[in-house]
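Chain residues, written in single-letter form:
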Amino acid sequence: MFQRGVVAIGRLTVNGIWKIGAGTAFIGNVIARSKMTFARPRLFINEIYFAGTLSLIIIVVSGLFVGLVLGLQGYETLKRYGSAEAVGTLVALSLVRELGPVVAALLFASRAGSAMTAKIGIMKSSDQLSAMEMMAVDPFQRVITPMFWGGFFSMPLLAAIFSAMGILGGYLITVVVIGVDGGAFWSQMQASVDFQGDILNGIYKSIVFGFAVNAIALFEGFDCLPTAEGVSRAVTRTVVTSALAILALDFVLTAFMFTGA
Amino acid sequence: MDEKPTNKSNSMIEFESVTFCYGARKILDNVSVSVPTGKITAIFGGSGTGKTTFLKLVGGQLAPSHGTVKFDGQSIGGMSYKQLYAARRRMGMLYQFGALFTDLSVFENVIFPLREHTDLPEQILRDLAIMKLDAVGLRGARDLMTSELSGGMARRVALARAIALDPELIMYDEPFTGLDPVATAVIANLISKLNDALGLTSVLVTHDLEVSLNIVDYCIFFAAGSVVGQGTPDEIRQSDNPLIKQFINGEIDGPVPLHYPASDYRSDLGLGG
Ligand SMILES: Nc1ncnc2c1ncn2[C@@H]1O[C@H](COP(=O)(O)OP(=O)(O)O)[C@@H](O)[C@H]1O
Ligand SMILES: [Mg+2]
């Protein structure tokens, strides 16, 4: 019993380490073979379109609702201290620093990331990747790398759209519905949101998340067992691993960016 | 048969004492065979005997654990990445279920290798693709999506794609599996016709003996990771090798055992033994 436990722990550890190594090699490969992607911009513009359009609706709608909730909650709390106009600041800072990059990345992982994993997994299990290789076309350069860069460039854009929609939602609920002063809402926000400290840091975050989510999604697809069940498991792993990676990275980045400032 | 002015060797593919293992499991065990240039060679063997592995070794997608695989006289293992890709441009592979790109139309599938490897103007690409599709009798199907094709049609489209770059070698991985008799005959006929018309070397991996013996020039039998017999179709038909006989007559149990190696049946059932 005890022995079996030790064996299981050992196996998990070895598999985990093996996977981290394979994943790192995979990403190294993607980056090393990126030339074709940028020599043929069409390839990756198509992928921006694929990743972007897949995620756009869910990003817009979720951003709006998150903003509505933030506005409501922020207003109810700030009102007690007589500073309801500061709600614009609160909404904007929460979004550009945290919620924009994090929630957008979570949504991106579950919408576009899972679709990428499924696409690569299906191409693998139906021999499409292998067939490409036999046509002397490198599937890394032709399929995987453009997807990676397409997703990578989409992520900050989507996070920005999410934040913008959230601010719009906050405006609608507090200024239009509740009746907070619109001039105060915008001017306080403008005065207290710092471009370097808040907006740029938020963008850096979404760049890191974009790298992580796309790397995980493509690696899981590439690494899956080439069967129907293997693909479906890989999709699940993409969503779970991405979510964990995003939250853990967010903690690390926040600790570096926003402490002592 | 040799029309192309290259200094071709007589064997398009040579395996020199090739051993291949997945982990500790030996799939091919010290295999030495060669595939003659310009002919159709059949590779027969039951499921799981390493036929697909054989093809992947030729394409350089797998590397042998021991031994050398040669393509047109050159060792695949000794090639650089560039040389390997150059060699692959001279090969075509037809996968068991076609492996067509599901997000592209029939036409775009056939044109794909040409687009990737040439800078030809769109009009010429189009004409070439139409000619390749015509060669497999599917010129009229060019605007269909791959999901609209039957199994036999998908394989013919894949065949058109495989010959798009005018390869010298074409490999068919179980091209008859899951097809009705008519579709099987159509594919068999195409394999034979293309080989003559394009001056190809063809390797046909299959377990469908009846259809294949009529179109191939040479046969190689695989069992349990080794070559157990080879010869012309006539020699094969007359063979008294028990393994080949079992295969020809479709006997259930013979030298190729029905049962996967297992412990004693009686003791497995707890009857003592
Ligand atoms: N990726 C793999 N990992 C481990 N074993 C494999 C793998 N691919 C195939 N095999 C095993 O190798 C053997 C030969 O496979 P294959 O060449 O596909 O057989 P065939 O095409 O003759 O049916 C099979 O028994 C299969 O289980
Ligand atoms: Mg096979």
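Residues numbered from 1 in each chain as written. Chains lettered and ligands numbered in written order. Predicted model: local features only at pLDDT ≥ 70, side-chain atom pairs only at ≥ 80, totals over all residues. Heavy atoms only, no water.

1. A short note on the overall build of chain A
Here's step 1: Counting its secondary structure elements, chain A contains 9 helices and 0 strands.
Here's step 2: Along chain A, helices (α) and strands (β) appear in the sequence α-α-α-α-α-α-α-α-α when read from the amino end.
Here's step 3: Once the C-alpha set of chain A is aligned to its principal axes, its extents read approximately 65 × 55 × 35 Å.
Here's step 4: For chain A, the residues scored as buried account for 47% of the 261 residues in total.
Here's step 5: Long-range contacts, defined here as pairs at least 24 residues apart, represent 83% of the contacts in chain A between residues at least 6 apart.
Here's step 6: Summed over all atoms, the accessible surface of chain A reaches about 12,600 Å², with 71% contributed by carbon and sulfur. (Helix = DSSP H or I, 4+ residues; strand = E, 2+ residues; numbered from the N terminus. Buried < 20%, exposed > 50% of the residue type's maximum accessible area, 1.4 Å probe, protein only. Contact = heavy atoms within 4.5 Å. Areas by Shrake-Rupley, 256 points an atom, 1.4 Å probe, with all protein chains shown as cover.)

2. A word on the overall build of chain B
Here's step 1: Along the backbone of chain B there are 10 helices and 10 strands.
Here's step 2: Taken over C-alpha atoms, the radius of gyration comes to 20 Å for chain B, in line with the 19 Å a tight globule of 273 residues would show.
Here's step 3: With the C-alpha coordinates aligned to their principal axes, the bounding extent of chain B is approximately 75 × 40 × 35 Å.
Here's step 4: Counting every position in chain B, which comprises 273 residues, the buried fraction comes to 47%.
Here's step 5: Considering only contacts within chain B whose residues lie at least 6 apart along the sequence, 63% involve residues at least 24 apart. (Rg over C-alpha atoms; globule rule 2.2 N^0.38 Å.)

3. Some remarks on the site of ligand 1
Residue and element names in this part refer to chain B.
Here's step 1: Residues in contact with ligand 1, as listed here, are Y22, R25, I27, G46, S47, G48, T49, G50, K51, T52 and T53.
Here's step 2: Between G50 and ligand 1, the recorded distance is 3.1 Å, taken from a backbone N or O atom to an oxygen atom.
Here's step 3: Here ligand 1 has 560 Å² of accessible area as a free molecule, and 60% of this is covered by the chains.
Here's step 4: Taken together, the residues that form the shell around ligand 1 break down as 2 nonpolar, 7 polar and 2 charged. (Near = heavy atom within 4 Å. Polar contact = N/O pair within 3.5 Å; in protein donor to acceptor, adjacent residues only side chain to side chain. Nonpolar A, V, L, I, M, F, W, Y, C, P; charged D, E, K, R; others polar.)

4. A few points about the pairing of strand β10 (residues 226–231) of chain B
All names here are of chain B.
Here's step 1: Bridge count for strand β9 (residues 218–223) against β10 is 5 bridges, and the pairing is antiparallel. What sits directly across from C219, in β10, is G231.
Here's step 2: Hairpin connection, β9 to β10: the antiparallel pair is bridged by 2 residues, and A224 has positive phi, about 50 degrees. (Pairing = 2+ DSSP bridges.)

5. Structural notes on the sheet that holds strand β5 (residues 74–75) of chain B
All names here are of chain B.
Here's step 1: If you trace the 4 strands from one edge of the open sheet to the other, you get β2-β1-β4-β5, paired in antiparallel fashion. A strand with exactly one partner marks an edge of an open sheet, and here the two such strands are β2 (25–36) and β5.
Here's step 2: Strand direction decides the pairing type here: strand β4 (residues 66–71) and β5, joined by 2 bridges, are antiparallel. Directly across from K70, in β5, lies its bridge partner S75.
Here's step 3: Helix α1 (residues 51–58) contacts β1 (11–22), β2 and β4 of the sheet and is inclined by roughly 120 degrees relative to β1. (Axes fitted to C-alpha atoms, helices over the stretch in contact; angles between N-to-C directions.)

6. Thoughts on the interface of chain B and chain A
Here's step 1: Contacts between the two partners involve 22 residues from chain B and, on the opposite side, 20 residues from chain A.
Here's step 2: Together, the buried faces of chain B and chain A total about 1,700 Å²; carbon and sulfur atoms form 58% of this surface.
Here's step 3: Taken together, the connections running from chain B to chain A amount to 3 salt bridges.
Here's step 4: If you list the elements that add at least two residues to the side of chain B that touches chain A, you get α2 (81–88), β6 (91–94) and α3 (106–117) of chain B.
Here's step 5: The element best represented in the side of chain B that touches chain A is α3(B), accounting for 4 residues.
Here's step 6: In terms of residue class, the side of chain B that touches chain A is built from 12 nonpolar, 4 polar and 6 charged. (Buried area = accessible area lost by both parts, 1.4 Å probe. Salt bridge = Lys/Arg side-chain N within 4 Å of Asp/Glu carboxyl O.)

7. Thoughts on helix α8 (residues 195–223) of chain A
Here's step 1: A rise of 1.5 Å per residue sets the reference length of α8(A), with its 29 residues, at 42 Å; its end C-alpha atoms lie 40 Å apart and thus fit the reference within 8%.
Here's step 2: A distance of 2.8 Å separates the backbone nitrogen of A:G197 from a side-chain oxygen at the start of α8(A), and that oxygen is part of A:D194. (Expected span 1.5 Å × (residues − 1).)

8. Let's talk about the packing of aromatic side chains
Here's step 1: Enumeration according to the criterion identifies 23 aromatic pairs over all chains in this entry.
Here's step 2: Seen from their ring centres, A:F148 and A:W149 are 5.0 Å apart, and the 80 degrees between their planes marks the pair as edge-to-face.
Here's step 3: Each ring, one from A:F152 and one from A:F153, has its centre 5.5 Å from the other, and the planes form 80 degrees; the classification is edge-to-face.
Here's step 4: Among the aromatic residues, those joined into a ring-pair cluster are A:F38, A:F44, A:F148, A:W149, A:F152, A:F153 and A:F211.
Here's step 5: If you follow A:K119 out to its NZ or CZ, it ends over the ring of A:F50, 5.0 Å from the centre.
Here's step 6: Here B:R88 stacks its cationic end above the ring of B:Y85, 5.1 Å away from the centre of that ring. (Phe/Tyr/Trp six-rings, centres within 6.5 Å; stacked < 30°, edge-to-face > 60°. Lys NZ or Arg CZ within 6 Å of the ring centre and 35° of its normal.)

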